[in-house]
Amino acid sequence: MSQNIESSLHETRVFPPPAELTRSAAIAGTDAYQALCAEADRDPEAFWARLAREHLVWTKPFSTVLDESKAPFYQWFNDGELNVSYNCIDRHLPALADKPAIIFEADDGEVIVSTYADLHAASANSPTP
């Protein structure tokens with residue numbers, strides 16, 4: 001008996017996303033995606049530094065993108081400081097206050113939807129360590 005698994009199905013169809021989704025997407029199509037991949041391939045440190053500066057709020061900006069001095073224990077942005085809670089929740093208010101931030105489905109099927117405003121209120125009421 002042969003141990004090889006063969007497949008007779010060779011899928012070649014492409015299912016493009018709906019136009020409305022493409023218009024509102026952060027990456028507008030395959031060409032934009034491939035351009036991002038090419039940018040990352042050319043200079044990974046510059047690519048991630050650009051994204052970190054564009055998409056995160058730093059309380060102390062980083063000067064080093066990647067510290068390879070203790071390889072294989074690499075450190076990214078190790079001299080920068082940011083507030084993760086602010087970047088995940090606060091900076092999205094008030095524009096996204098009523099939008100779902102987390103959708104949790106429990107094992108029993110119960111679904112809990114937490115908005116950015118819910119998370120902000122919960123974190124504001126949390127004790128500070």
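Above: the structure in question.
All values derive from a computational prediction rather than experimental measurement. Here the residue numbers are simple positions, counted from 1 along each chain's written sequence. Selection of residues for local features in this predicted model requires a pLDDT of at least 70, selection of side-chain atom pairs for listing and counting requires 80 or more, and totals for whole chains, interfaces and linings are taken over all residues. With hydrogens and water set aside, each side-chain value is computed from the structure's full complement of heavy atoms.

### Brief notes about the side chain of T115
Consideration 1: Secondary structure follows DSSP: runs of H or I at least 4 residues long count as helices, runs of E at least 2 residues long count as strands, and numbering of each begins at the N terminus. Tracing the backbone through its elements, the reader meets T115 in strand β6 (residues 111-115).
Consideration 2: T115 sits in the buried class, given a relative accessible area of 15%.
Consideration 3: Setting aside residues no more than four positions away along its own chain, T115 makes contact with A97, D98, K99, P100 and A101. Partly exposed residues are those whose accessible area sits between 20% and 50% of the maximum for their type, while under 20% is buried and over 50% is exposed, using a 1.4 Å probe and protein chains only. Note on definitions: a residue-residue contact is assigned when non-hydrogen atoms from the two residues lie within 4.5 Å.

### Regarding the pattern of salt bridges
Consideration 1: When a carboxyl oxygen of Asp or Glu is within 4 Å of a side-chain nitrogen of Lys or Arg, the pair counts as a salt bridge. For the structure on display, the rule yields four salt bridges.
Consideration 2: One salt bridge in this structure joins E39 and R50, with 2.8 Å as the shortest N-O distance. A residue pair is termed long-range when its members are at least 10 positions apart, and E39 in helix α2 (residues 30-42) and R50 in helix α3 (residues 44-55) qualify at eleven residues.
Consideration 3: Overall, the relative accessible area of 21% leaves E39 in the partly exposed class.
Consideration 4: In this structure R50 comes out as partly exposed when scored by relative accessible area, which is 28%.
Consideration 5: One salt bridge in this structure joins R50 and E54, with 2.9 Å as the shortest N-O distance. Taken together, the residues span about one helical turn, with R50 and E54 both in helix α3 at a distance of four residues.
Consideration 6: By relative accessible area, E54 is classed as partly exposed at 49%.

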